[in-house]
Amino acid sequence: MAKTLKQELDETLEAAVRVVASDVEADLPLDKCRFGPTRSPEHGDFATNAGLVLAKPMRRKPLDIAGELAAELLKSDFIAQAEVAAPGFVNVRLADSAFVHVLENISREGAAYGMNDSGADESILLEFVSANPTGPMHIGHCRHGVTGDSLARILRANGHPVTTEFYINDAGVQIKSLGKSFRARCYECVTGEAPTEELQYSGEYLVEFAKEFTSSKTKEDLDKLSDEEFAWEARGRNLEMIKRDLEALGTRMDSWVSEKALLDDGLVAKSLDRLRNSDETFEEDGALWLKTEAFGDDKNRVIVKTDGELTYLVPDIAYHLNKYERGFGTYINLFGADHSGYPARLRAGIATLGHDPEKLKIILMRLVFLMKNGERVKFSKRAGNFVALSDVVEEAGRDATRWFMLSRSIDTEFEFDMDLATEQSSRNPGFKVQYAHARICSLESKAAEGGFPEASSPADAIASLNSREEHDLIIYLSTYPEVVERAGKSLDVHSIPAWLLGLAELLNSYYTKGNTDPHFRILQEDNRELYAARKVMLDSVRRVLANGLELMGISAPAHMSRDEEEE
RNA sequence: GCGCCCAUAGCUCAGCUGGAUAGAGCAACGGACUUCUAAUCCGUAGGUCGGAGGUUCGAGUCCUCCUGGGCGUGCCA
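Let us look at the structure shown here. (Residues numbered from 1 in each chain as written. Chains lettered and ligands numbered in written order. Predicted model: local features only at pLDDT ≥ 70, side-chain atom pairs only at ≥ 80, totals over all residues. Heavy atoms only, no water.)

1. Let's talk about the packing of helix 21 (residues 495-516) against helix 22 (residues 528-552)
Then step 1. One way to put it is that helix 21 packs onto helix 22 with a least axis distance of 10 Å and a crossing angle of 155°. Considering the angle they form, helix 21 stands roughly antiparallel to helix 22. Where helix 21 crosses over helix 22, the handedness of that crossing is left-handed. Residues Ile496, Pro497, Trp499, Leu500, Leu503, Ala504, Leu507 and Tyr510 of helix 21 pack against Arg534, Met537, Leu538, Val541, Val544, Leu545, Gly548, Leu549, Leu551 and Met552 of helix 22.
Then step 2. Looking at the contact of helix 21 with helix 22 residue by residue, the class counts come to 16 nonpolar, one polar and one charged. (Axes fitted to C-alpha atoms, helices over the stretch in contact; angles between N-to-C directions. Helix = DSSP H or I, 4+ residues; strand = E, 2+ residues; numbered from the N terminus. Parallel < 35°, antiparallel > 145°, perpendicular 65-115°, else oblique. Left-handed = near helix turned anticlockwise from the far one by under 90°. Contact = heavy atoms within 4.5 Å. Nonpolar A, V, L, I, M, F, W, Y, C, P; charged D, E, K, R; others polar.)

Here's what the structure looks like:
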């Protein structure tokens, strides 16, 4: 993998700093020296604050230091001009070779452009969604499903071997309740009499399942079935529904782990034994407690109740023991903000069972609230009054849903307005990115039909790619690998769509400039050779748009057609 | 009460490890389709970055306090 332009320039800066500050005894604050694209053309292409940062350790004026840095930086082949600006910046204009470097990297690496192998030695188990198999998934699961999937893609792009996993909570009391509700629905189907007891799970989906299940069964058949069998049947059907929903969302799970299986294998019992025999648990008031306080919990937690039943913590800790025994480098859990008490408890359990709790990273994602008719809908799976994930995907479309969900920081709770999302799906900002991609595809196919020349080499092309707009585009393209790397390190998905939108805006703006300025028209009959140069850049933009959309699990269409019916 | 998180344009949200005049979408207003797809673009208007201090060359970004909101704080899961 070739060095990115950013890496090259960082090395150039570091070398320059070492020369200029060679007589400084103390450690140089290199990590505080920035070298990056500027926001304003008058500041050149790239700028560094190194002069300001070095002023204190060197005990000299920032402007003087900047002057010496500028002279050093000019020695680089990638830098054409270097100017000092108050209060102590160095503004740099890049040489053609820098732009060539970027275009060559993209052209050579193609779909791999932006990827790196820094995470190759750290395998990751990424658990997310893990919705209880007691009903359809809702809007909250949608955010988790999309974010987790995209996170997996980003981590893989950073070289990590990633396994995505869904934990099936199929052994607790909620499954028993599900079984009871399902049994009641089955009898309702067979006898025609409405259930007399109140159903814990009253959603319509159970009625549908019951119809399917009892279609060739009699009341006598049902009488032979145990509660557990009803529960397992409903669990299976719910799980199939969850799998279908995840598939509709474009989310892939590599692994499914069943709580019941862990229980049947004796892992829960084994975990409990080890917990009980450790110094980190104690008996009090007839219950067994785990010392979670030592890991930041407000208070210690009961793991075995006075009636001998286990709390949810024991199977959860057992599951994490199972994870650790599979030997990953890092374990990431994507939880909802309502699980903020979990990290301390799980870490306490993991440490007590002799594993390193630092390998467990828990991401707490803010909630999504559903807006309908101007107010928040309180949804409850038991009551069945929620908008299902499948409805959202169906109405807004997979791409629009994913864009919408991924564009927001996981630290921000936001309101998903169902009506607005459906109505605005055709004006979703994500379409702008897809449109930019389709636009280039369209141009290129048109050029091919018209017999325009193929792309030349970047080195040959660069002389013609000399406008500010073209330089800005190429510089922007050069920052993509950093964005991917940063997103992988900070587990921050939403920076990808934000960056892509920036690229799409640059491209669209560049394209539209051709409407008013003939020089910027890409297909010029009387200047066909110009296209050979521009195609180099267009190919790069198209490539990187597609790479970024791939990380989001959003399609990069070659053609976009609009429903003419809409008005 | 305690813990974690949030507060940026009318609305929904960006703002990278502190960097030079705070950005986008929607909504508002004015423009650009005989044209390489107008799902686009250009322009105008809209901000005391919740409030008050502090750290320094420099703060939306870091620290403290305050205000307002969310979640958690079950021998529920």
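Past the structure itself, the notes keep going.
2. Some points on the protein's contact with RNA strand B
Then step 1. By nearness alone, 67 residues border RNA strand B, and Arg408, Phe414, Arg439, Arg486 and Ser561 come closest of all.
Then step 2. By atom count, sugar and phosphate contribute 63% of the portion of RNA strand B lying within 4 Å of the protein.
Then step 3. In this structure, histidine 43 approaches RNA strand B through a side-chain N or O atom, which is 3.4 Å from a base nitrogen.
Then step 4. A distance of 3.1 Å is found between a phosphate oxygen of RNA strand B and a side-chain nitrogen or oxygen belonging to threonine 412. (Near = heavy atom within 4 Å. Polar contact = N/O pair within 3.5 Å; in protein donor to acceptor, adjacent residues only side chain to side chain.)

3. Focus on the state of the cysteines
Then step 1. Tallied over the full model, the rule gives zero disulfides.
Then step 2. There is no disulfide at cysteine 186, and the cysteine sulfur nearest it, in cysteine 189, is 6.4 Å away. (Disulfide = S-S within 2.5 Å.)

4. Overview of the packing of aromatic side chains
Then step 1. The full count for this structure, using the stated rule, is 17 aromatic pairs.
Then step 2. Measuring from centroid to centroid gives 6.0 Å for phenylalanine 328 and tyrosine 331, while their planes differ by 80°, and the two rings are edge-to-face. Assigned by exposure class, phenylalanine 328 and tyrosine 331 land together as buried.
Then step 3. Through successive ring pairs, a cluster of aromatic residues spans Tyr113, Tyr476, Tyr480 and Trp499.
Then step 4. The ring of tryptophan 232 carries lysine 260 above its face, with NZ or CZ at 5.2 Å from the centroid.
Then step 5. Directly above the aromatic system of phenylalanine 452 lies the positively charged group of arginine 528, at a separation of 4.3 Å from the ring centroid. (Phe/Tyr/Trp six-rings, centres within 6.5 Å; stacked < 30°, edge-to-face > 60°. Buried < 20%, exposed > 50% of the residue type's maximum accessible area, 1.4 Å probe, protein only. Lys NZ or Arg CZ within 6 Å of the ring centre and 35° of its normal.)

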